[in-house]
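The lines below spell out each chain.
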Amino acid sequence: MTYDHSNIFARILRKEIPSLTVYEDDYALAFHDIAPQAPIHVLVIPKGPYVSIADFSATASADEITGFWRAVAKVAEDEGLTKEGFRLISNSGANSGQEVPHFHVHLFGGTALGPLLSKKS
């Protein structure tokens, strides 16, 4: 996948599209998903143009990587998820169902989430 500077997350970062922001710093932006799959469903995206976790870990600076993961942990804490637990998911590539070519994690919580994957026959 090639980074597309017109993807929805790039446009949100440029403030061309509004989002319900819950956290922002120099490295990351976190906002509520518009189609939540759990009572709490927040997307956390790095501010740089990274397509996937593989791209991010290979090309982002150490400060960007550290700052991003600290932001994810802060959002989980701020949303009250660290006591009862939460789930992080990052889809990467077509087989995973990645829809937006900008690395991001989904932070889910606020209820028991059940099994990670359903089995397919």
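Parameters at a glance
- Residues numbered from 1 in each chain as written.
- Predicted model: local features only at pLDDT ≥ 70, side-chain atom pairs only at ≥ 80, totals over all residues.
- Heavy atoms only, no water.
- Patch = residues over 30% accessible without salt bridge, like charges linked within 9 Å, V, L, I, M, F, W, Y side chains within 5 Å.
- Areas by Shrake-Rupley, 256 points an atom, 1.4 Å probe, with all protein chains shown as cover.
- Salt bridge = Lys/Arg side-chain N within 4 Å of Asp/Glu carboxyl O.
- Helix = DSSP H or I, 4+ residues; strand = E, 2+ residues; numbered from the N terminus.
- Buried < 20%, exposed > 50% of the residue type's maximum accessible area, 1.4 Å probe, protein only.
- Polar contact = N/O pair within 3.5 Å; in protein donor to acceptor, adjacent residues only side chain to side chain.
- Contact = heavy atoms within 4.5 Å.
- 1 Å grid on protein atoms, 1.4 Å probe; cavity = no way out; pocket = protein on both sides within 12 Å on 5 of 7 lines; lining within 4 Å.
- Points joined across faces, edges and corners; volume = space filled by probe spheres on them.
- Pairing = 2+ DSSP bridges.

With that settled, the discussion passes to a nonpolar patch on the surface. Side chains of Ile-53, Trp-69, Phe-86 and Leu-88 sit close together on the surface and give an oily, nonpolar patch of about 330 Å² of accessible area. In this structure, Leu-88 sits in strand 4 (residues 86-89). With a relative accessible area of 37%, Leu-88 lands in the partly exposed category.

It is worth spelling out the pattern of salt bridges at this point. Inspection of every chain in the model, using the stated rule, returns five salt bridges. Of the charged contacts, one joins Arg-14 and Glu-16 as a salt bridge, the two residues approaching to 2.8 Å between their closest N and O atoms. Here Arg-14 falls in the partly exposed class, since its relative accessible area comes to 42%. Its relative accessible area of 46% is what places Glu-16 among the partly exposed residues. For Asp-78, the salt bridge goes to Lys-74, with nearest N and O atoms at 3.1 Å. Note that Asp-78 and Lys-74 are positioned in helix 3 (residues 62-78) at a spacing of four residues, about one turn of the helix.

To continue, consider the side chain of Asn-7. Topologically, Asn-7 is positioned in the segment before helix 1 (8-13). Among the polar contacts listed, one links the side chain of Asn-7 to the backbone nitrogen of Phe-9, at a separation of 2.8 Å. Setting aside residues up to four positions removed in sequence, Asn-7 forms contacts with Val-100, Pro-101 and His-102.

With that settled, the discussion passes to the environment of Gly-97. Assignment of secondary structure puts Gly-97 in the loop between strand 4 and strand 5 (105-109). When its relative accessible area of 38% is taken as the criterion, Gly-97 is described as partly exposed.

Of the pockets and cavities examined, the largest pocket occupies roughly 440 Å³. As for the largest pocket, its lining consists of 23 residues, of which Phe-9, Asp-33, Leu-43, Glu-99 and His-106 are closest to the centre. For the lining of the largest pocket, the secondary-structure elements that each account for two or more residues are helix 1, strand 2 (28-32), strand 3 (40-46) and strand 5. The element best represented in the lining of the largest pocket is helix 1, accounting for three residues.

All right, on to the pairing of strand 2 then. Counting buried positions along strand 2 gives four out of five residues, so the element sits mostly inside the fold. Bridging between strand 1 (residues 21-24) and strand 2 involves three bridges; their strand directions are antiparallel. Looking at the pairing, Glu-24 lines up with Leu-29 of strand 2. Hairpin connection between strand 1 and strand 2: a loop of three residues separates the two successive antiparallel strands. Note: strand 2 against strand 3, five bridges, orientation antiparallel. Along strand 3, the bridge assignment pairs Phe-31 with Leu-43.

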